[in-house]
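# Examination of the molecular architecture
Below are the chains, spelled out letter by letter.
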Amino acid sequence: MQEIRVELTDHPKPKPTAADKLEFGTFFTDHMFVMNYDEGEGWHDARIVPFGPIELSPAAMCLHYGQSVFEGMKAYRAVDGRVLLFRPDKNMARLNSSNDRLCIPLIDEKFCEKAIEKLVSIEKDWIPSAEGTSLYIRPFIIGIDPHIGVHPARHLVFIILCCPVGAYYPEGLNPVKIYVEKNYVRAVRGGMGYTKTAGNYAASLKAQDEAEKQNYTQVLWLDGVERKYIEEVGTMNVFFVIGDEIVTPELQGSILPGITRMSSIELLKSWGMNVVERKISIDELAEAARNGRLKEAFGTGTAAVISPIGHLKWGDEIMDINNGEIGPISQRLYDTLTGIQWGKIKDTFGWTVEVK
Ligand SMILES: *Cc1c(COP(=O)(O)O)cnc(C)c1O
């Protein structure tokens, strides 16, 4: 395994205080991890260096053709003071799945997990401890060849940034309003929907912008071919409780395979609940809402963990779910996942990794 060279900053920044709202993705810690790839040499020169601007040719390929992948994960300050990561191996495996799709050279997953642990360990004092706060970790890889031609990059850089973030729900777990997107699609099978790559988010901005103008939090995407089957919500996977079945769309290439989704399915199964991954059409959902069988709906993702959906709009049809209140299954998943992440309950699944 490569050594990681460490160069500490001479100018540590003041840490944000409780008065700072810790708006998502705004404050960055003192250091970042950087590693280069050059054809013939592989990934090399792993280092932790002071956070700061990087130099890039204006011709850098990532800027023109979007050869760029990322991950999103968190380090949690447990109630007993330990620092925990949640299933970091799954993030690294997903990064390689994204890499493969975008012709980015694969990373050594174990080594990169160690790099994250080392960076988080150095930035330990940046991890806030107030209820619900955490250190968001953003690994990403970009192709940097100074060359305006469409082909896979031969020179890339892998960077990991960290930012302290506030509680997602400072006022408690309030259900959100979502509408079903009819004009735009996010991804199609055979495309890049299952990867965390920059272009997928560029493709989603227009719909998100229109949703916000209408006072909705996010959109519910339908499949790009028939515009019929439910895919996911903004940057979250989605679950519905219909009768005694908990349904989430099956992964078939256009949906992001969320780690919170995976963990929720494993938890629900461990509780003996009837959770199924299958196709679910918007017509089936609306029908279930009409006859009172749609009991709960919620999104899952690292940022919010569980985000209950209280109001869903499909054209002229409004589905009010559980009187706009959080349901018992959403609440139990939220309490259990956050309980494991913040070390409040015993991690019997072995999902957490302690950073020393
Ligand atoms: C990251 C992401 C998710 C959620 O994945 P987690 O691993 O649970 O954070 C869902 N959908 C999209 C589009 C995403 O980018």
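Residues numbered from 1 in each chain as written. Predicted model: local features only at pLDDT ≥ 70, side-chain atom pairs only at ≥ 80, totals over all residues. Heavy atoms only, no water.

### Describing the domain arrangement of the chain
Note the threshold: Boundary definitions for the domains trace back to an automatic or database domain assignment. A simple way to read buried area is as the amount of 1.4 Å-probe accessible surface that goes missing from two parts once joined, with both sides added. We count a salt bridge whenever a side-chain nitrogen from Lys or Arg sits within 4 Å of a carboxyl oxygen from Asp or Glu. We define a polar contact as two N or O atoms separated by no more than 3.5 Å, with the added condition that, inside protein, one atom must be a possible hydrogen donor and the other a possible acceptor, whereas residues neighbouring each other in sequence contribute only through side-chain atom pairs. Secondary structure is summarised from DSSP: a helix means a run of H or I of at least four residues, a strand means a run of E of at least two, and numbering begins at the N terminus for each.
Taken domain by domain, the chain consists of domain 1 (5-165) and domain 2 (176-341). Averaged C-alpha coordinates put domain 1 and domain 2 at centres separated by 27 Å. Carbon and sulfur atoms supply 59% of the area buried between domain 1 and domain 2, which totals about 1800 Å² over both sides. Ranking the residues of domain 1 by area buried against domain 2 places F86, R94 and R101 at the top, with a combined share of 34%. For the pair domain 1 and domain 2, the interface holds one salt bridge. A salt bridge links E266 to R87; the shortest N-O distance between them is 3.4 Å. Where domain 1 packs against domain 2, one counts 12 residue pairs in polar contact (both at pLDDT 80 or more). Where the side of domain 1 that touches domain 2 is concerned, the elements lending two or more residues are strand 4 (68-70), strand 5 (73-77), strand 6 (83-86) and helix 2 (88-101). Looking at which element gives the most residues to the side of domain 1 that touches domain 2, the answer is helix 2, with six residues.

### Some remarks on the environment of E23
Threshold: Buried, partly exposed and exposed residues are distinguished by accessible area as a fraction of the type maximum, computed with a 1.4 Å probe on protein chains only: under 20%, between the cut-offs, and over 50%, respectively.
For E23, the location among the structural elements is in the loop between strand 1 (5-6) and strand 2 (31-38). Take E23: its relative accessible area is 57%, and that puts it in the exposed class. It is 31 Å that separates the C-alpha atoms of E23 and K110, two residues lying 87 residues apart in sequence.

### Observations concerning the pairing of strand 8 (residues 155-165)
Operational definition: We treat two strands as partners when DSSP finds at least two bridges between them.
In terms of burial, strand 8 is a largely internal element, 10 of the 11 residues being buried. Bridge count for strand 2 against strand 8 is six bridges, and the pairing is antiparallel. Looking at strand 8, one finds that M35 is bridged to F158.

### Considering the packing of helix 2 against helix 3 (residues 109-122)
Rules: What counts as an axis is a line fitted to C-alpha atoms, over the stretch in contact for a helix, and the angles between N-to-C directions run from 0 to 180 degrees. By the definition adopted for this analysis, an angle is roughly parallel if under 35 degrees, roughly antiparallel if over 145, roughly perpendicular if from 65 to 115, and oblique otherwise. With the far helix as reference, a near helix turned anticlockwise by less than a right angle produces a left-handed crossing, and one turned clockwise produces a right-handed crossing. Should any heavy atoms of two residues lie within 4.5 Å, those residues are considered in contact. For this classification, the nonpolar set comprises Ala, Val, Leu, Ile, Met, Phe, Trp, Tyr, Cys and Pro, the charged set comprises Asp, Glu, Lys and Arg, and every other residue, Gly included, is treated as polar.
Relative orientation of the contacting elements helix 2 and helix 3 amounts to 125°, with a least axis distance of 9 Å. Taken together, the axes of helix 2 and helix 3 lie oblique to each other. For the crossing formed where helix 2 meets helix 3, the hand is right-handed. Across the interface between the two elements, P88, D89, M92, A93 and N96 of helix 2 pack against E109, C112, E113 and I116 of helix 3. In the contact of helix 2 with helix 3, the residues fall into five nonpolar, one polar and three charged.

### Side note on empty space enclosed by the protein
Counted only if it meets this: Cavity means a closed set of points on a 1 Å grid over the protein atoms alone, one where a 1.4 Å probe fits but cannot get out, pocket means an open set with protein on both sides within 12 Å along at least 5 of 7 lines, and lining means a residue has an atom within 4 Å of a point. Grid points are joined across faces, edges and corners, and a volume is the space filled by probe spheres set on the points.
On inspection of all chains with the given rule, the structure shows two cavities of 30 Å³ or more. As a volume, the largest cavity reaches approximately 90 Å³. Contributing to the lining of the largest cavity are G72, M73, K74, Y76, F86, N91, I259, T260, G301, T302, V305 and Q341. Elements with a minimum of two residues in the lining of the largest cavity: strand 5 and helix 5 (259-270). The greatest single-element share of the lining of the largest cavity, amounting to three residues, is contributed by strand 5. The residue inventory of the lining of the largest cavity, partitioned by class, reads five nonpolar, six polar and one charged. Each of two domains, domain 1 (5-165) and domain 2 (176-341), supplies a minimum of three residues to the lining of the largest cavity. Its boundaries defined by the atoms lining it, the second largest cavity holds a volume of some 30 Å³. Lining the second largest cavity are 13 residues, with A297, P308, I309, E325 and G327 sitting closest to its centre. When contributions to the lining of the second largest cavity are tallied by element, the ones reaching two or more residues are strand 15 (294-301) and strand 16 (305-314). Along the lines of polarity and charge, the residues of the lining of the second largest cavity split into six nonpolar, four polar and three charged.

### Some details on the packing of helix 5 against helix 7 (residues 328-341)
Closest axis-to-axis distance for the helix 5/helix 7 pair is 11 Å, and the angle between their directions is 110°. Considering their axes alone, helix 5 and helix 7 lie roughly perpendicular with respect to each other. On the side of helix 5, the interface is formed by T260, S263, S264, L267 and L268, while helix 7 contributes I329, L333, T336 and L337. Class assignment of the residues belonging to the contact of helix 5 with helix 7 gives a composition of five nonpolar, four polar and no charged.

### Describing helix 7
Basically, it comes down to this: A helix is expected to reach a length of 1.5 Å times the quantity of its residues less one.
The end-to-end C-alpha distance of helix 7 is 20 Å, a good match for the 20 Å that 14 residues give at a rise of 1.5 Å each. Following helix 7 by one or two positions, G343 has its phi on the positive side, about 65°.

### Some words on the UniProt feature "modified residue: N6-(pyridoxal phosphate)lysine" (unreviewed entry) in the chain
Selection rule: UniProt positions are given in the numbering used here, feature names are shortened, and annotations may be inferred rather than shown by experiment.
UniProt's entry tags K196 with the feature "modified residue: N6-(pyridoxal phosphate)lysine" (unreviewed entry), counted in the numbering of this structure. As for its position among the elements, K196 is in the loop between strand 9 (176-180) and helix 4 (198-213). Taking the relative accessible area as the measure of exposure, K196 reaches 15% and is therefore buried. With sequence-adjacent residues up to four places away left out, K196 is seen in contact with S68, V69, F70, E71, G72, R94, S98, Y201 and L256.

### Details of the nonpolar core
Note the cut-off: Here the nonpolar core consists of buried residues drawn from Ala, Val, Leu, Ile, Met, Phe, Trp, Tyr and Cys, with membership extended through side-chain atoms lying within 4.5 Å.
Residues F33, V120, I137, I141 and F158 are the most contacted members of the largest nonpolar core, which totals 35 residues. Listed by contribution, the elements that provide at least two residues to this core are strand 2, strand 3 (42-50), strand 5, strand 6, helix 2, helix 3, strand 7 (134-143) and strand 8. Per element, the largest residue contribution to this core is six residues, and it comes from helix 3. In contact with V120, other than residues within four places in its own chain, are A75, V83, I127, L135, I137 and V355. Counting residues in hydrophobic clusters, the runner-up holds 27 residues, among them I178, I242, A286 and A297.

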